[in-house]
Amino acid sequence: MLQSLAGSSCVRLVEQHRSAWCFALLVLGYLLYLVFGAVVFSSHACLSEQQLEQFLMRVLEASNYGVSVLSNASGNWNWDFTSSLFFASTVLSTTGYGHTVPLSDGGKAFCIIYSVIGIPFTLLFLTAVVQRIIVYVTRRPVLYFHIRWGFSKQVVAIIHAMVLGFITVSFFFLIPAAIFSVLEDDWNFLESFYFCFISLSTIGLGDYVPGEGYNQKFRELYKIGITCYLLMGLIAMLVVLETFCELHELKKFRKLFYVKKDKEEDQVHIMEHDQLSFSSISDQAASMKDDQKANEPFVNSQSPTSNDSSLNN
């Protein structure tokens with residue numbers, strides 16, 4: 001009996017928090033999918049022997065034209081686990097810097113299949129995360145100031161959107177740009193800010209990529225931090241965009257460009273719907289009457305002629 005009570009309590013607990021459990025499974029599944037891609041990408045070899053020979057031939061040809069490659073450095077960090085994790089995050093977020101690409105046929109085929117499944121998975125993940133965050137970050141604060149302090153809801157929404165935008169720019173553009181300008185030897189503040197904007201807007205030109213220097217310290221930890229920054233920054237950008245899209249003034253502005261429905265078509269649809277509903281109701285009423293008649297007990301009723309004859313008698 002105790003086991004049955006415990007089982008029923010667990011079932012009730014799961015039913016009450018089903019949305020939270022589903023969201024937790026979604027986040028866990030997305031993180032595992034990122035790790036899975038990183039493991040597979042890191043297992044592929046960078047260059048085959050034939051491709052290496054072709055690369056050396058191009059280097060020799062370039063040297064004949066006066067291009068020096070002696071200052072270049074090479075390493076094995078392009079496809080280690082942290083670099084592969086960073087590559088997988090840029091692929092799924094459609095940023096795609098293009099500085100590191102799979103060269104083998106197996107790597108290219110896996111990248112196609114991984115992206116076809118992973119990009120819709122990423123959209124689902126981001127939509128679920130933003131939908132939950134915006135409730136606590138945007139809607140509840142606006143309603144609190146509107147109900148508790150009696151301010152106009154539209155004015156509070158505008159001020160809140162401006163403050164949220166300023167906080168997002170500060171924590172995901174200005175401060176990271178200052179950090180990148182310190183950690184990257186060849187980047188100034190403008191170039192670092194440029195990288196943040198190009199990355200979080202998912203443009204991903206690839207002319208500036210952090211953590212690619214030969215003397216980069218704590219490369220693995222640095223790459224993981226950049227991956228987390230890109231995911232969190234993308235979520236923050238979507239939250240800000242959704243907050244501005246919910247402004248009443250912006251909704252009115254967007255309606256200027258929407259296609260308006262004809263009122264006659266709407267009335268025709270309403271009349272057709274009403275006719276269908278009325279006909280269905282009448283059909284149901286007729287069927288109910290038939291059922292009632294069928295279920296009534298049999299009663300011998302006298303005909304009008306028999307009644308007249310009895311009266312005459």
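Note that this is a predicted model, so its numbers are computed, not measured.

Student: Please clarify how the UniProt feature "transmembrane region" (unreviewed entry) in the chain should be interpreted in this entry.
Tutor: Mapped onto the present numbering, the UniProt feature "transmembrane region" (unreviewed entry) falls at residues 20-41, 112-134, 155-180, 192-209 and 221-241. Along residues 112-134 the backbone is 100% helical and 0% strand, and the end-to-end C-alpha distance reaches 33 Å.

Student: How do you make sense of the layout of surface pockets when you look at a structure like this?
Tutor: In this approach the atoms are scanned with a rolling probe the size of a water molecule, which exposes any empty space left behind. The volume enclosed by the second largest pocket comes to roughly 430 Å³. Each residue belonging to the lining of the second largest pocket can be placed in one class, and the counts come to 8 nonpolar, 3 polar and 6 charged.

Student: Before we go on, may I ask you to explain the packing of helix α4 (residues 81-92) against helix α8 (residues 219-245) in this structure?
Tutor: To describe two helices that pack against each other, one gives the angle between their axes and the distance between the axes. As a packed pair, α4 and α8 sit with axes 8 Å apart at the nearest point and diverge in direction by 15°. Taken as axis vectors, α4 and α8 run roughly parallel relative to one another. Classified by chirality, the crossing of α8 by α4 is left-handed. Between α4 and α8, the residues in contact are T82, S83, L85, F86, S89 and T90 and E220, K223, I224, I226, T227 and L230, respectively. Residues of the contact of α4 with α8, tallied by class, amount to 5 nonpolar, 5 polar and 2 charged.

Student: Would you mind going over the packing of aromatic side chains with me for this structure?
Tutor: For the structure on display, the rule yields 23 aromatic pairs. Ring centres 5.5 Å apart and planes at 85° place the aromatic pair Y144 and F145 in the edge-to-face group. Taking the relative accessible area as the measure of exposure, F145 reaches 39% and is therefore partly exposed. Among the aromatic side chains, those forming a connected cluster through ring pairs are Y30, Y33, F36, F41, W79, F87, F110, Y114, F121 and F125.

Student: How do you make sense of the pattern of salt bridges when you look at a structure like this?
Tutor: A side chain of one charge can pair with a side chain of the opposite charge if their charged atoms are brought near each other. In this structure the tally under the stated criterion is 2 salt bridges. Here E246 ties to R139 by a salt bridge, and the two come within 2.7 Å at their closest N and O atoms. Residue E246 is located in the loop between α8 and α9 (248-255), and its partner R139 is located in helix α5 (residues 105-148); the two are separated by 107 residues in the primary sequence. Given the relative accessible area of 36%, R139 is considered partly exposed. In this structure, K223 and E212 form a salt bridge, with 2.7 Å as the shortest nitrogen-oxygen distance. Linking K223 in helix α8 with E212 in the loop between α7 (189-200) and α8, this pair joins segments that are 11 residues apart in sequence. By relative accessible area, K223 is classed as buried at 1%.

Student: Just to check I follow, could you spell out α7 for this structure?
Tutor: In an α-helix there are 3.6 residues to a turn, and that puts residues three or four apart on one side. Here α7 is 12 residues long and its end C-alpha atoms lie 17 Å apart, about the 16 Å a rise of 1.5 Å per residue gives. Looking at α7, one finds that the buried residues are S192, F195, C196, I198, S199 and L200. Looking at the buried positions of α7, the neighbouring elements they touch are α6 (153-183) and α8. If you check the start of α7, you find a side-chain oxygen 3.3 Å away from the backbone N of L190, and it comes from N188. Backbone geometry just downstream of α7 places T202 in the positive-phi region, at approximately 60°.

Student: Help me understand the side chain of D80 in this model?
Tutor: As for its position among the elements, D80 is in the loop between α3 (49-64) and α4. Of the side chains with opposite charge, R219 lies nearest to the buried D80, which makes no salt bridge, at 6.0 Å. A polar contact of 2.7 Å, which involves the side chain of D80, links it to the side chain of S83. In this structure, D80 is in contact with S42 and E220, ignoring residues within four places of it in sequence.

Student: Honestly, the nonpolar core in this entry has me stumped. Any pointers?
Tutor: Within soluble globular proteins, side chains that are nonpolar tend to cluster in buried spots. Judged by nonpolar contacts, the single largest core of 28 residues is most densely connected at Y30, L34, F41, F87, L92, Y114 and I235. For this core, the elements supplying multiple residues, two or more each, are α2 (18-43), α4, α5 and α8. Element by element, the count of residues in this core is highest for α5, at 9 residues. Ignoring sequence-local partners within four residues, the contact set of Y114 consists of Y33, L34, F36, G37, F41, A88 and L92. The next biggest cluster of nonpolar side chains, apart from the first, holds 16 residues, and it includes F172, F180, C196 and A236.

Student: Help me out: how do you make sense of the packing of α2 against α5 in this one?
Tutor: As a packed pair, α2 and α5 sit with axes 10 Å apart at the nearest point and diverge in direction by 155°. As summarised for this structure, α2 and α5 are arranged roughly antiparallel, according to the angle between their axes. Viewed along their axes, α2 and α5 form a crossing whose handedness is left-handed.

Cut-off values and rules
Residues numbered from 1 in each chain as written. Predicted model: local features only at pLDDT ≥ 70, side-chain atom pairs only at ≥ 80, totals over all residues. Heavy atoms only, no water. UniProt positions renumbered as here; feature names shortened; annotations may be inferred. Helix = DSSP H or I, 4+ residues; strand = E, 2+ residues; numbered from the N terminus. 1 Å grid on protein atoms, 1.4 Å probe; cavity = no way out; pocket = protein on both sides within 12 Å on 5 of 7 lines; lining within 4 Å. Points joined across faces, edges and corners; volume = space filled by probe spheres on them. Nonpolar A, V, L, I, M, F, W, Y, C, P; charged D, E, K, R; others polar. Axes fitted to C-alpha atoms, helices over the stretch in contact; angles between N-to-C directions. Parallel < 35°, antiparallel > 145°, perpendicular 65-115°, else oblique. Left-handed = near helix turned anticlockwise from the far one by under 90°. Contact = heavy atoms within 4.5 Å. Phe/Tyr/Trp six-rings, centres within 6.5 Å; stacked < 30°, edge-to-face > 60°. Buried < 20%, exposed > 50% of the residue type's maximum accessible area, 1.4 Å probe, protein only. Salt bridge = Lys/Arg side-chain N within 4 Å of Asp/Glu carboxyl O. Expected span 1.5 Å × (residues − 1). Polar contact = N/O pair within 3.5 Å; in protein donor to acceptor, adjacent residues only side chain to side chain. Lys, Arg positive; Asp, Glu negative; His and termini not counted. Core = buried A, V, L, I, M, F, W, Y, C linked by side-chain atoms within 4.5 Å.

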